[in-house]
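What follows is the residue order along each chain.
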Amino acid sequence: MRVLIAGGGTGGHLFPAFAVARSVRQLHTDAEISWLGGARGVESRLVPEAGYPLTLLAAPSLRPSGAGLVATVRDAAKLLWSIPQAIRVIRRVRPDVIFSTGGYIAIPTLIAAWLTRTPSLLWEGNVQAGRSNTLVAPLASHRAVAWRQTAERAPWSGTKTTVTGTPVRELTVDRTTARTARGLTANDQLLLVFGGSQRVRRFETALDGALATLLTEWRVLHVVMDGLPEAERRRASLPAELRDHYEPVAFLGGGAMEAALVSADLMLGRAGASTIAEAAAAGLPAIIVPYPFAGGHQRANAEAAAAAGAATLINDEDLTPERLLAAVATYATPAQRATAARAATTLAHPDAAAVIAEKLLQLGGRG
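Scoring rules and cut-offs
- Residues numbered from 1 in each chain as written.
- Predicted model: local features only at pLDDT ≥ 70, side-chain atom pairs only at ≥ 80, totals over all residues.
- Heavy atoms only, no water.
- Salt bridge = Lys/Arg side-chain N within 4 Å of Asp/Glu carboxyl O.
- Helix = DSSP H or I, 4+ residues; strand = E, 2+ residues; numbered from the N terminus.
- Buried < 20%, exposed > 50% of the residue type's maximum accessible area, 1.4 Å probe, protein only.
- Pairing = 2+ DSSP bridges.
- Axes fitted to C-alpha atoms, helices over the stretch in contact; angles between N-to-C directions.
- Contact = heavy atoms within 4.5 Å.
- Phe/Tyr/Trp six-rings, centres within 6.5 Å; stacked < 30°, edge-to-face > 60°.
- Right-handed = clockwise from strand over helix to strand, strands pointing away.
- Polar contact = N/O pair within 3.5 Å; in protein donor to acceptor, adjacent residues only side chain to side chain.
- Core = buried A, V, L, I, M, F, W, Y, C linked by side-chain atoms within 4.5 Å.

1. Some details on the pattern of salt bridges
Turning to step 1, where the next piece is worked out: Evaluated as defined, the whole model comprises 16 salt bridges.
Turning to step 2, where the next piece is worked out: With a closest N to O distance of 3.0 Å, Asp 316 and Arg 202 form a salt bridge. Here Asp 316 is found in the loop between strand 13 (311–313) and helix 13 (321–329), whereas its partner Arg 202 is found in helix 8 (residues 201–214), with 114 residues between them in sequence.
Turning to step 3, where the next piece is worked out: Owing to a relative accessible area of 9%, Asp 316 belongs among the buried residues under this scheme.
Turning to step 4, where the next piece is worked out: We classify Arg 202 as partly exposed; its relative accessible area is 33%.
Turning to step 5, where the next piece is worked out: When salt bridges with common partners are traced through the structure, they connect Arg 199, Glu 204, Asp 208, Glu 230 and Arg 234 into a single cluster.

What follows is the structure, given as C-alpha coordinates:
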(Lines give C-alpha, C1' and ligand atoms only; values in the text may rest on other atoms or scores of the structure.)
Protein backbone atom coordinates (compact mmCIF):
# COMPACT_ATOMS: atom_id res chain seq x y z
CA MET A 1 0.00 0.00 0.00
CA ARG A 2 1.53 3.31 -1.11
CA VAL A 3 0.12 6.56 0.21
CA LEU A 4 1.24 10.02 -0.93
CA ILE A 5 0.35 12.77 1.54
CA ALA A 6 0.26 16.43 0.58
CA GLY A 7 0.15 18.58 3.67
CA GLY A 8 2.01 21.46 5.18
CA GLY A 9 2.36 25.19 5.16
CA THR A 10 1.13 25.42 8.74
CA GLY A 11 0.66 23.04 11.63
CA GLY A 12 -3.08 23.09 10.95
CA HIS A 13 -2.45 21.19 7.73
CA LEU A 14 0.54 19.17 8.91
CA PHE A 15 -0.43 17.69 12.29
CA PRO A 16 -3.76 16.19 11.09
CA ALA A 17 -1.78 14.58 8.27
CA PHE A 18 0.65 13.08 10.80
CA ALA A 19 -2.31 11.66 12.73
CA VAL A 20 -3.75 10.07 9.59
CA ALA A 21 -0.34 8.66 8.59
CA ARG A 22 -0.08 7.05 12.02
CA SER A 23 -3.54 5.50 11.64
CA VAL A 24 -2.74 4.21 8.14
CA ARG A 25 0.31 2.42 9.55
CA GLN A 26 -1.81 0.95 12.35
CA LEU A 27 -4.29 -0.44 9.82
CA HIS A 28 -1.73 -1.46 7.21
CA THR A 29 1.63 -2.06 8.88
CA ASP A 30 3.67 -2.23 5.68
CA ALA A 31 2.20 0.96 4.17
CA GLU A 32 4.75 3.10 2.32
CA ILE A 33 4.08 6.76 3.05
CA SER A 34 5.66 9.60 1.07
CA TRP A 35 5.12 13.34 1.45
CA LEU A 36 4.62 16.36 -0.78
CA GLY A 37 5.26 19.82 0.64
CA GLY A 38 5.72 23.41 -0.41
CA ALA A 39 8.50 25.94 -0.58
CA ARG A 40 7.65 27.96 2.53
CA GLY A 41 5.99 25.49 4.88
CA VAL A 42 6.97 24.04 8.25
CA GLU A 43 7.00 20.57 6.68
CA SER A 44 10.53 21.02 5.36
CA ARG A 45 11.78 20.47 8.91
CA LEU A 46 9.08 18.45 10.65
CA VAL A 47 8.35 15.80 8.00
CA PRO A 48 11.95 14.51 7.74
CA GLU A 49 12.15 14.53 11.54
CA ALA A 50 9.10 12.26 11.56
CA GLY A 51 10.85 9.84 9.20
CA TYR A 52 8.88 10.36 5.99
CA PRO A 53 10.54 10.98 2.60
CA LEU A 54 9.64 14.50 1.48
CA THR A 55 9.53 16.15 -1.93
CA LEU A 56 9.15 19.94 -2.01
CA LEU A 57 7.24 21.53 -4.85
CA ALA A 58 7.84 25.06 -6.06
CA ALA A 59 4.39 26.12 -4.85
CA PRO A 60 4.58 28.86 -2.21
CA SER A 61 2.00 29.65 0.40
CA LEU A 62 -0.63 32.06 -0.85
CA ARG A 63 0.32 35.61 0.01
CA PRO A 64 -2.12 38.07 1.61
CA SER A 65 -3.66 40.82 -0.45
CA GLY A 66 -1.34 43.76 -0.87
CA ALA A 67 1.74 41.61 -1.45
CA GLY A 68 2.37 43.36 -4.77
CA LEU A 69 1.84 42.49 -8.41
CA VAL A 70 5.34 41.12 -9.02
CA ALA A 71 5.18 38.76 -6.03
CA THR A 72 1.68 37.62 -6.96
CA VAL A 73 2.65 36.84 -10.57
CA ARG A 74 5.80 35.03 -9.42
CA ASP A 75 3.84 32.91 -6.96
CA ALA A 76 1.21 32.07 -9.59
CA ALA A 77 3.96 30.92 -11.95
CA LYS A 78 5.44 28.70 -9.23
CA LEU A 79 2.00 27.26 -8.53
CA LEU A 80 1.54 26.34 -12.20
CA TRP A 81 5.04 24.84 -12.37
CA SER A 82 4.18 22.67 -9.38
CA ILE A 83 1.58 20.74 -11.41
CA PRO A 84 4.12 18.95 -13.68
CA GLN A 85 6.36 18.55 -10.62
CA ALA A 86 3.54 16.75 -8.79
CA ILE A 87 2.83 14.58 -11.83
CA ARG A 88 6.48 13.48 -11.90
CA VAL A 89 6.33 12.58 -8.21
CA ILE A 90 3.15 10.54 -8.73
CA ARG A 91 4.73 8.65 -11.62
CA ARG A 92 7.83 7.96 -9.54
CA VAL A 93 6.09 6.96 -6.30
CA ARG A 94 3.07 5.28 -7.98
CA PRO A 95 0.78 5.77 -4.96
CA ASP A 96 -2.39 3.73 -4.55
CA VAL A 97 -4.07 6.82 -3.09
CA ILE A 98 -3.29 10.48 -2.38
CA PHE A 99 -4.34 12.32 0.77
CA SER A 100 -4.34 16.14 0.92
CA THR A 101 -5.00 18.24 4.00
CA GLY A 102 -5.55 21.32 1.89
CA GLY A 103 -3.89 24.69 1.66
CA TYR A 104 -1.87 25.94 -1.30
CA ILE A 105 -0.26 22.55 -1.91
CA ALA A 106 -3.68 21.00 -2.61
CA ILE A 107 -4.02 22.83 -5.92
CA PRO A 108 -1.16 21.19 -7.86
CA THR A 109 -1.60 17.89 -6.00
CA LEU A 110 -5.31 17.40 -6.76
CA ILE A 111 -4.88 18.54 -10.37
CA ALA A 112 -2.02 16.07 -10.81
CA ALA A 113 -4.04 13.29 -9.15
CA TRP A 114 -6.97 13.95 -11.49
CA LEU A 115 -4.75 14.05 -14.57
CA THR A 116 -3.03 10.77 -13.64
CA ARG A 117 -6.32 9.12 -12.56
CA THR A 118 -4.94 8.47 -9.07
CA PRO A 119 -7.59 8.09 -6.32
CA SER A 120 -7.53 11.02 -3.90
CA LEU A 121 -9.07 12.15 -0.64
CA LEU A 122 -9.20 15.85 0.24
CA TRP A 123 -9.75 16.94 3.87
CA GLU A 124 -11.05 20.35 4.97
CA GLY A 125 -10.78 21.31 8.63
CA ASN A 126 -12.46 24.71 8.74
CA VAL A 127 -16.15 25.56 8.95
CA GLN A 128 -15.62 28.04 6.13
CA ALA A 129 -13.64 26.03 3.61
CA GLY A 130 -10.41 27.52 2.32
CA ARG A 131 -10.17 28.92 -1.18
CA SER A 132 -7.61 26.37 -2.37
CA ASN A 133 -9.66 23.41 -1.18
CA THR A 134 -12.90 24.77 -2.57
CA LEU A 135 -11.25 25.23 -5.96
CA VAL A 136 -10.06 21.64 -6.29
CA ALA A 137 -12.71 19.81 -4.23
CA PRO A 138 -14.63 18.68 -7.36
CA LEU A 139 -11.47 16.89 -8.56
CA ALA A 140 -11.12 14.68 -5.47
CA SER A 141 -12.34 11.08 -5.51
CA HIS A 142 -13.74 11.65 -2.02
CA ARG A 143 -13.84 14.50 0.47
CA ALA A 144 -13.74 14.65 4.26
CA VAL A 145 -14.76 17.66 6.35
CA ALA A 146 -14.41 18.43 10.03
CA TRP A 147 -17.73 20.24 10.46
CA ARG A 148 -21.25 19.31 9.40
CA GLN A 149 -21.85 22.95 8.46
CA THR A 150 -19.21 22.60 5.75
CA ALA A 151 -20.92 19.57 4.21
CA GLU A 152 -24.11 21.58 3.80
CA ARG A 153 -22.53 23.86 1.17
CA ALA A 154 -21.40 23.22 -2.40
CA PRO A 155 -19.02 21.83 -3.55
CA TRP A 156 -18.78 19.84 -0.31
CA SER A 157 -22.38 18.64 -0.24
CA GLY A 158 -23.30 15.24 -1.63
CA THR A 159 -22.49 11.58 -1.17
CA LYS A 160 -18.78 12.08 -1.95
CA THR A 161 -18.29 13.96 1.34
CA THR A 162 -17.94 12.42 4.81
CA VAL A 163 -18.00 14.36 8.10
CA THR A 164 -15.03 13.05 10.06
CA GLY A 165 -13.90 15.77 12.46
CA THR A 166 -10.26 16.81 12.71
CA PRO A 167 -7.48 14.23 13.26
CA VAL A 168 -5.46 15.16 16.35
CA ARG A 169 -2.39 14.02 18.25
CA GLU A 170 -2.74 11.06 20.61
CA LEU A 171 -3.60 12.52 24.02
CA THR A 172 -3.02 9.35 26.00
CA VAL A 173 -0.78 10.78 28.73
CA ASP A 174 -2.31 10.77 32.23
CA ARG A 175 -3.19 14.28 33.46
CA THR A 176 -1.89 13.75 36.97
CA THR A 177 1.39 12.35 35.64
CA ALA A 178 1.76 15.21 33.16
CA ARG A 179 1.06 17.89 35.77
CA THR A 180 3.43 16.32 38.30
CA ALA A 181 6.19 16.26 35.69
CA ARG A 182 5.63 20.00 35.15
CA GLY A 183 5.82 20.67 38.89
CA LEU A 184 2.15 21.57 39.25
CA THR A 185 0.17 20.93 42.41
CA ALA A 186 -3.52 20.08 42.55
CA ASN A 187 -4.33 23.72 43.29
CA ASP A 188 -2.23 25.26 40.50
CA GLN A 189 -4.08 26.70 37.50
CA LEU A 190 -2.23 26.48 34.19
CA LEU A 191 -2.93 28.74 31.21
CA LEU A 192 -1.48 27.46 27.94
CA VAL A 193 -0.81 30.25 25.42
CA PHE A 194 -0.37 28.80 21.96
CA GLY A 195 -0.57 30.52 18.58
CA GLY A 196 -0.29 27.46 16.36
CA SER A 197 2.80 27.27 14.14
CA GLN A 198 3.41 31.02 14.24
CA ARG A 199 4.44 33.66 16.72
CA VAL A 200 1.48 35.84 17.76
CA ARG A 201 2.53 39.34 18.76
CA ARG A 202 -1.05 40.24 19.69
CA PHE A 203 -0.86 37.66 22.50
CA GLU A 204 2.47 39.05 23.64
CA THR A 205 1.15 42.62 23.78
CA ALA A 206 -1.82 41.52 25.88
CA LEU A 207 0.39 39.50 28.21
CA ASP A 208 2.79 42.41 28.67
CA GLY A 209 0.08 44.34 30.47
CA ALA A 210 -1.65 41.41 32.14
CA LEU A 211 1.06 39.10 33.44
CA ALA A 212 1.77 40.82 36.75
CA THR A 213 -1.89 40.41 37.72
CA LEU A 214 -2.49 37.10 35.98
CA LEU A 215 0.45 35.31 37.60
CA THR A 216 -0.85 35.88 41.13
CA GLU A 217 -3.52 33.26 40.39
CA TRP A 218 -2.28 31.37 37.32
CA ARG A 219 0.83 29.75 35.93
CA VAL A 220 1.42 30.48 32.25
CA LEU A 221 3.09 28.19 29.69
CA HIS A 222 3.71 30.32 26.59
CA VAL A 223 4.74 28.80 23.25
CA VAL A 224 6.47 31.75 21.56
CA MET A 225 8.17 30.24 18.47
CA ASP A 226 10.85 32.74 17.37
CA GLY A 227 9.89 35.23 20.10
CA LEU A 228 11.90 33.55 22.85
CA PRO A 229 14.47 36.37 23.42
CA GLU A 230 11.67 38.90 23.97
CA ALA A 231 9.81 36.42 26.18
CA GLU A 232 12.89 35.90 28.34
CA ARG A 233 13.16 39.67 28.79
CA ARG A 234 9.47 39.75 29.67
CA ARG A 235 10.06 37.11 32.32
CA ALA A 236 13.09 38.95 33.74
CA SER A 237 11.01 42.13 34.15
CA LEU A 238 8.50 40.41 36.41
CA PRO A 239 8.66 40.63 40.22
CA ALA A 240 11.04 37.96 41.49
CA GLU A 241 8.29 36.02 43.28
CA LEU A 242 6.31 35.65 40.01
CA ARG A 243 9.03 34.71 37.53
CA ASP A 244 8.72 30.98 38.08
CA HIS A 245 5.01 31.24 37.24
CA TYR A 246 5.77 32.27 33.64
CA GLU A 247 7.45 29.70 31.39
CA PRO A 248 8.13 30.73 27.78
CA VAL A 249 9.25 28.01 25.38
CA ALA A 250 10.09 28.24 21.69
CA PHE A 251 8.35 25.01 20.69
CA LEU A 252 6.81 21.91 22.26
CA GLY A 253 7.78 18.72 20.44
CA GLY A 254 8.38 15.06 21.16
CA GLY A 255 5.18 14.60 23.14
CA ALA A 256 5.56 17.84 25.13
CA MET A 257 2.62 19.51 23.40
CA GLU A 258 0.37 16.55 24.15
CA ALA A 259 1.41 16.73 27.82
CA ALA A 260 0.80 20.50 27.88
CA LEU A 261 -2.72 20.12 26.47
CA VAL A 262 -3.58 17.50 29.07
CA SER A 263 -1.99 19.50 31.91
CA ALA A 264 -3.62 22.85 31.17
CA ASP A 265 -6.79 24.23 32.72
CA LEU A 266 -7.36 26.92 30.08
CA MET A 267 -5.93 27.84 26.68
CA LEU A 268 -5.43 31.16 24.89
CA GLY A 269 -5.13 30.40 21.19
CA ARG A 270 -6.01 31.15 17.61
CA ALA A 271 -8.98 29.46 15.92
CA GLY A 272 -7.24 27.12 13.51
CA ALA A 273 -8.92 23.79 12.89
CA SER A 274 -6.26 21.80 14.74
CA THR A 275 -6.12 24.16 17.72
CA ILE A 276 -9.86 23.93 18.34
CA ALA A 277 -9.93 20.17 17.71
CA GLU A 278 -7.06 19.48 20.11
CA ALA A 279 -8.66 21.61 22.82
CA ALA A 280 -11.88 19.66 22.30
CA ALA A 281 -10.07 16.32 22.47
CA ALA A 282 -8.40 17.39 25.72
CA GLY A 283 -11.63 18.80 27.18
CA LEU A 284 -9.83 22.12 27.50
CA PRO A 285 -11.77 25.41 27.78
CA ALA A 286 -10.37 28.12 25.55
CA ILE A 287 -10.16 31.83 24.92
CA ILE A 288 -10.13 31.99 21.14
CA VAL A 289 -8.78 34.96 19.15
CA PRO A 290 -9.32 34.23 15.45
CA TYR A 291 -6.64 35.27 13.00
CA PRO A 292 -8.19 38.26 11.21
CA PHE A 293 -6.69 37.62 7.78
CA ALA A 294 -6.54 34.66 5.32
CA GLY A 295 -10.13 35.22 4.28
CA GLY A 296 -11.33 35.34 7.89
CA HIS A 297 -12.02 31.59 7.91
CA GLN A 298 -10.88 31.24 11.53
CA ARG A 299 -13.76 33.39 12.74
CA ALA A 300 -16.31 30.77 11.65
CA ASN A 301 -14.37 28.14 13.61
CA ALA A 302 -14.30 30.38 16.69
CA GLU A 303 -18.01 31.14 16.42
CA ALA A 304 -18.84 27.42 16.28
CA ALA A 305 -16.73 26.70 19.38
CA ALA A 306 -18.22 29.66 21.26
CA ALA A 307 -21.76 28.68 20.28
CA ALA A 308 -21.17 25.25 21.80
CA GLY A 309 -20.07 26.86 25.09
CA ALA A 310 -16.52 25.57 24.74
CA ALA A 311 -14.77 28.90 24.27
CA THR A 312 -14.82 32.66 24.71
CA LEU A 313 -14.38 34.55 21.43
CA ILE A 314 -12.36 37.78 21.40
CA ASN A 315 -11.71 39.71 18.20
CA ASP A 316 -8.03 40.18 17.43
CA GLU A 317 -8.21 43.98 17.72
CA ASP A 318 -10.06 43.69 21.05
CA LEU A 319 -7.45 41.58 22.86
CA THR A 320 -6.19 44.12 25.39
CA PRO A 321 -4.65 43.23 28.76
CA GLU A 322 -7.91 44.21 30.43
CA ARG A 323 -10.03 42.09 28.07
CA LEU A 324 -7.73 39.11 28.58
CA LEU A 325 -7.93 39.35 32.36
CA ALA A 326 -11.72 39.63 32.22
CA ALA A 327 -11.97 36.55 30.01
CA VAL A 328 -9.65 34.51 32.25
CA ALA A 329 -11.74 35.52 35.26
CA THR A 330 -14.77 33.74 33.77
CA TYR A 331 -12.85 30.47 34.15
CA ALA A 332 -11.58 31.14 37.66
CA THR A 333 -13.34 28.26 39.42
CA PRO A 334 -13.19 24.52 38.79
CA ALA A 335 -16.97 24.49 38.25
CA GLN A 336 -16.76 27.16 35.53
CA ARG A 337 -13.98 25.27 33.77
CA ALA A 338 -15.80 21.94 34.08
CA THR A 339 -18.88 23.34 32.34
CA ALA A 340 -16.80 24.60 29.42
CA ALA A 341 -14.79 21.37 29.35
CA ARG A 342 -17.96 19.30 28.94
CA ALA A 343 -19.01 21.56 26.08
CA ALA A 344 -15.59 21.18 24.46
CA THR A 345 -15.81 17.40 24.44
CA THR A 346 -19.04 17.57 22.42
CA LEU A 347 -16.94 18.95 19.54
CA ALA A 348 -14.38 16.15 19.70
CA HIS A 349 -14.03 13.40 17.10
CA PRO A 350 -11.46 11.03 18.63
CA ASP A 351 -11.80 8.54 15.76
CA ALA A 352 -11.28 11.11 12.95
CA ALA A 353 -7.83 9.86 11.94
CA ALA A 354 -8.97 6.23 11.89
CA VAL A 355 -12.07 7.02 9.80
CA ILE A 356 -9.98 8.89 7.23
CA ALA A 357 -7.34 6.14 7.17
CA GLU A 358 -9.99 3.50 6.51
CA LYS A 359 -11.38 5.55 3.66
CA LEU A 360 -7.89 5.91 2.17
CA LEU A 361 -7.45 2.14 2.23
CA GLN A 362 -10.81 1.71 0.51
CA LEU A 363 -9.92 4.21 -2.20
CA GLY A 364 -6.54 2.56 -2.64
CA GLY A 365 -8.07 -0.88 -3.05
CA ARG A 366 -6.85 -2.22 0.28
CA GLY A 367 -10.02 -1.74 2.34
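2. A few points about the sheet that holds strand 9 (residues 219–223)
Turning to step 1, where the next piece is worked out: The parallel open sheet is built from six strands, whose spatial order is 10-9-8-11-12-13. A single partner strand is all that each edge strand has here, and the edge strands are strand 10 (246–249) and strand 13. On average, adjacent strands in this sheet sit at an angle of 15° to one another, irrespective of strand direction.
Turning to step 2, where the next piece is worked out: Of the pairings in the sheet, the one linking strand 8 (residues 190–194) to strand 11 (residues 266–269) comprises four bridges and is parallel in character. The residue bridging Phe 194 from the neighbouring strand is Gly 269, located in strand 11.
Turning to step 3, where the next piece is worked out: Packing of helix 12 (residues 297–307) onto the sheet brings it into contact with strand 12 (286–288) and strand 13, and relative to strand 13 it is tilted by some 135°.

3. Examining the pairing of strand 10
Turning to step 1, where the next piece is worked out: Pairing geometry for strand 9 and strand 10, over four bridges, is parallel. Bridge pairing in strand 10 places Val 220 opposite Tyr 246.

4. So, unusual backbone geometry
Turning to step 1, where the next piece is worked out: Cis rather than trans, the peptide bond between Ala 154 and Pro 155 has omega equal to 5°.
Turning to step 2, where the next piece is worked out: Mapped onto the elements of the fold, Pro 155 is located in the loop between helix 6 (148–151) and strand 7 (161–163).
Turning to step 3, where the next piece is worked out: The backbone phi angle of Met 225 is positive, close to 55°, even though this residue is not glycine.
Turning to step 4, where the next piece is worked out: Relative accessible area serves as the criterion here: at 19%, Met 225 is assigned to the buried category.

5. What to know about the packing of aromatic side chains
Turning to step 1, where the next piece is worked out: Summed over all chains, the structure comprises four aromatic pairs.
Turning to step 2, where the next piece is worked out: Residues Trp 35 and Tyr 52 carry aromatic rings whose centres are separated by 5.1 Å and whose planes lie at 40° to one another, so their mutual orientation is tilted. Taken together, the residues span a long stretch of sequence, with Trp 35 in strand 2 (residues 32–37) and Tyr 52 in the loop between helix 2 (43–49) and strand 3 (54–56) at a distance of 17 residues. Grouping residues by exposure puts Trp 35 and Tyr 52 together as buried.

6. Looking at helix 10 (residues 256–263)
Turning to step 1, where the next piece is worked out: By the criterion of burial, helix 10 is predominantly enclosed, with six of the eight residues buried.
Turning to step 2, where the next piece is worked out: Lining the buried residues of helix 10 we find helix 7 (175–181), strand 8, strand 9 and helix 11 (273–282).

7. Quick word on the pairing of strand 2
Turning to step 1, where the next piece is worked out: Extensive coverage of strand 2 is indicated by the burial of five of its six residues.
Turning to step 2, where the next piece is worked out: With five bridges connecting them, strand 1 (residues 2–6) and strand 2 associate as parallel partners. Bridge assignment links Val 3 to a residue of strand 2, and that residue is Ile 33.
Turning to step 3, where the next piece is worked out: On the question of chirality, the crossover connecting strand 1 to the parallel strand 2 by way of helix 1 (residues 11–27) is right-handed.

8. So, the side chain of His 142
Turning to step 1, where the next piece is worked out: Turning to its location among the elements, His 142 is positioned in strand 6 (residues 142–145).
Turning to step 2, where the next piece is worked out: At 2.7 Å, the side chain of His 142 and the side chain of Thr 162 are in polar contact.
Turning to step 3, where the next piece is worked out: Apart from the residues within four sequence positions on either side, His 142 is in contact with Ser 120, Leu 121, Leu 122, Thr 159, Lys 160, Thr 161, Thr 162, Lys 359 and Leu 363.

9. Topic: the nonpolar core
Turning to step 1, where the next piece is worked out: Counting 55 residues, the largest nonpolar core has Val 24, Trp 35 and Leu 192 as its most contacted members.
Turning to step 2, where the next piece is worked out: When residues of this core are assigned to their parent elements, the largest contribution, eight residues, is made by helix 1.
Turning to step 3, where the next piece is worked out: Non-local contacts of Trp 35, meaning those with residues more than four positions away in its chain, are made with Leu 4, Ile 5, Gly 7, Leu 14, Ala 17, Phe 18, Ala 21, Val 47, Tyr 52, Pro 53, Leu 54 and Thr 55.
Turning to step 4, where the next piece is worked out: Counting residues in hydrophobic clusters, the runner-up holds 28 residues, among them Val 200, Leu 214, Trp 218 and Ala 327.

10. Observations regarding the environment of Ala 256
Turning to step 1, where the next piece is worked out: As for its position among the elements, Ala 256 is in helix 10.
Turning to step 2, where the next piece is worked out: Ala 256 sits 101 residues away from Pro 155 along the chain, and the two C-alpha atoms are 38 Å apart.

11. Structural notes on the sheet that holds strand 1
Turning to step 1, where the next piece is worked out: Reading across from one edge, 3-2-1-4-5-6-7 is the order of the seven strands in this open sheet, with parallel pairing throughout. Because the sheet does not close on itself, it has two edges, and the strands there are strand 3 and strand 7. Recorded for the sheet is a direction-independent mean angle of 20° between the axes of neighbouring strands.
Turning to step 2, where the next piece is worked out: Bridge count between strand 6 and strand 7: three bridges; the pairing is parallel. Looking at the pairing, Arg 143 lines up with Thr 161 of strand 7.
Turning to step 3, where the next piece is worked out: On the sheet, helix 1 packs against strand 1, strand 2, strand 4 (97–100) and strand 5 (120–124) and is oriented at approximately 170° with respect to strand 2.
Turning to step 4, where the next piece is worked out: Against the sheet, helix 15 (residues 352–363) makes contact with strand 4, strand 5 and strand 6, and its axis sits at roughly 160° relative to strand 5, the strand it touches most.

12. With respect to the side chain of Arg 179
Turning to step 1, where the next piece is worked out: Within the element layout of this structure, Arg 179 appears in helix 7.
Turning to step 2, where the next piece is worked out: At a separation of 3.0 Å, a polar atom in the side chain of Arg 179 contacts the main-chain carbonyl oxygen of Thr 185.
Turning to step 3, where the next piece is worked out: At a separation of 2.6 Å, a polar atom in the side chain of Arg 179 contacts the main-chain carbonyl oxygen of Asp 188.
Turning to step 4, where the next piece is worked out: Discounting residues that sit within four places of it in the chain, Arg 179 has contacts with Leu 184, Thr 185, Ala 186, Asp 188, Leu 190, Ser 263 and Asp 265.

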